[in-house]
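Chain by chain, the residues:
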Amino acid sequence: GLSAAGGSDVFASRDFFTLNAARYRVLVSLLRGGIDVFAVDLDVVLLRDPLPLVGSMPFELLLQSDARNFSSMIESSPYLLRDRLGLAQNTDSEGTPGITYVNGGVFFARGTAAIARLFEDAWALASLDLGKRNEQDCLNLLLHRSAIRWSPLPPALFPNGFVYFRRPPPPHLEAREGPVLVHCNWISGLAAKRYLLTEAGLWGIPATPASGRYLTYDVGERGDALSLGGQLRALLAAMEFARHTNRTLVLPRFFIRSGPEGGPARGSERSFAYLFDYAVFAARYPRHREHVVLKQLRPLRDGNSTARAPPLATSSLLAWLTTSTSQAEPVLHLGTSNGPWTRGASGSVLAGGAISAFPSDTE
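Read on for a plain summary of the structure. All values derive from a computational prediction rather than experimental measurement.

About the cut-offs
- Residues numbered from 1 in each chain as written.
- Predicted model: local features only at pLDDT ≥ 70, side-chain atom pairs only at ≥ 80, totals over all residues.
- Heavy atoms only, no water.
- Helix = DSSP H or I, 4+ residues; strand = E, 2+ residues; numbered from the N terminus.
- Contact = heavy atoms within 4.5 Å.
- Patch = residues over 30% accessible without salt bridge, like charges linked within 9 Å, V, L, I, M, F, W, Y side chains within 5 Å.
- Areas by Shrake-Rupley, 256 points an atom, 1.4 Å probe, with all protein chains shown as cover.
- Salt bridge = Lys/Arg side-chain N within 4 Å of Asp/Glu carboxyl O.
- Phe/Tyr/Trp six-rings, centres within 6.5 Å; stacked < 30°, edge-to-face > 60°.
- Buried < 20%, exposed > 50% of the residue type's maximum accessible area, 1.4 Å probe, protein only.
- Lys NZ or Arg CZ within 6 Å of the ring centre and 35° of its normal.
- Core = buried A, V, L, I, M, F, W, Y, C linked by side-chain atoms within 4.5 Å.
- Polar contact = N/O pair within 3.5 Å; in protein donor to acceptor, adjacent residues only side chain to side chain.

Focus on the environment of Leu228
Moving on, step 1. Its location among the elements puts Leu228 in helix α8 (residues 228-245).
Moving on, step 2. In this structure, Leu228 is in contact with Leu275 and Phe276, ignoring residues within four places of it in sequence.

Concerning a nonpolar patch on the surface
Moving on, step 1. A contiguous nonpolar patch, built from Val26, Leu30 and Ile35 and spanning about 230 Å² of accessible area, is present on the exposed surface.
Moving on, step 2. Here Val26 shows up in helix α1 (residues 14-32).

Some points on the packing of aromatic side chains
Moving on, step 1. With the rule as written, the count across this model stands at 12 aromatic pairs.
Moving on, step 2. An angle of 40 degrees between the planes, with centres 5.0 Å apart, marks the rings of Phe272 and Phe276 as tilted. Here Phe272 and Phe276 have matching classes, each one buried.
Moving on, step 3. Following the ring pairs from residue to residue traces out a cluster consisting of Tyr195, Phe254, Phe272, Phe276, Tyr278, Phe281 and Tyr285.
Moving on, step 4. Its guanidinium or amino end placed over the ring of Tyr274, Arg166 lies 4.5 Å from that ring's centre, counting from NZ or CZ.
Moving on, step 5. Directly above the aromatic system of Tyr274 lies the positively charged group of Arg270, at a separation of 5.3 Å from the ring centroid.

With respect to the nonpolar core
It is characteristic of soluble globular proteins that their nonpolar side chains tend to be buried jointly.
Moving on, step 1. Membership of the largest hydrophobic core comes to 36 residues, with the highest contact counts inside it found for Tyr217, Leu235, Leu249, Phe272 and Tyr278.
Moving on, step 2. Secondary structure elements with two or more residues in this core: α7 (190-199), β9 (214-217), α8, β11 (254-255), α9 (272-275), α10 (278-284), α12 (314-321) and β15 (331-334).
Moving on, step 3. Among the elements that line this core, the one with the most residues is α8, at seven residues.

Details of the side chain of Thr216
Moving on, step 1. Here Thr216 is to be found in strand β9.
Moving on, step 2. Using a relative accessible area of 2% as the deciding quantity, one classes Thr216 as buried.
Moving on, step 3. Of the polar contacts made by the side chain of Thr216, one reaches the side chain of His333; its length is 2.6 Å.

Below you can see the structure in the form of structure tokens.
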């Protein structure tokens, strides 16, 4: 049976294999019965009907690309090629080291004996050594030796989690009508999956209590404030301010690179989980909310119910944050996205725009 502590959500764990064994038995039975199957993992969000598209493609088997490279769909990780697949010298048709590696969690399979046999063989191969290869590795090995007509699904329409959340394609390569589905793989742990799907608007946003008290802030948009260190210092400062004022911290959007004019580059916005380990953060700092909840808080922020902190030195700012004026506000905002970034007198302050450093004088 499954472990009482869970674990079936951990890729390649023993409980993961136990559930997949049952899944494969049902899959093979359907395929041998002549039934076409479109299968998805539980961490897949379907945005529209995939069947008209996949049903029109001239292939017996279509699978989601699991490669991190959106354009080539080639996975070149030495760990995958050498240690897991035993393909140290493998190259693609153009001589590039790597393999067209697909995901076993999203696929469309025609109901034929040949496809049923492929999945049977993949599971049999994986069962020989559960510690070295998972069934996805085995499926890929068999596909590359097979005469079956198969193809990766277009990644713009069927993106894996790495492509969608970490390395999205440039805007001109995105599907005009948007993806058919989003797979939240390449993400470890249920907490991180829920967080990323929520931030992407693909998971129901938990209701924001009307009686809640929140702290929002902007990261800096110039100079050191836009660096990873600057954004980390701003986060630590905001966490400290939220703790001192007994508020729930609303996470901001972060930036991964600067543009030619010094501000954030176009398309460089990312969620917290891109830069930091969300599961560790959530376990140690549970009183926070996703950036997307600002959609619920916006009526408060746009009206007269939002207090905007003045540009004060840290000690003065903390004093202001605990005044009756600021305490009465349901949403308190530190910084403004359209103000210039400057340092105050102490160097550890909230400035014309955003928190610039960890408040060293609050110890």
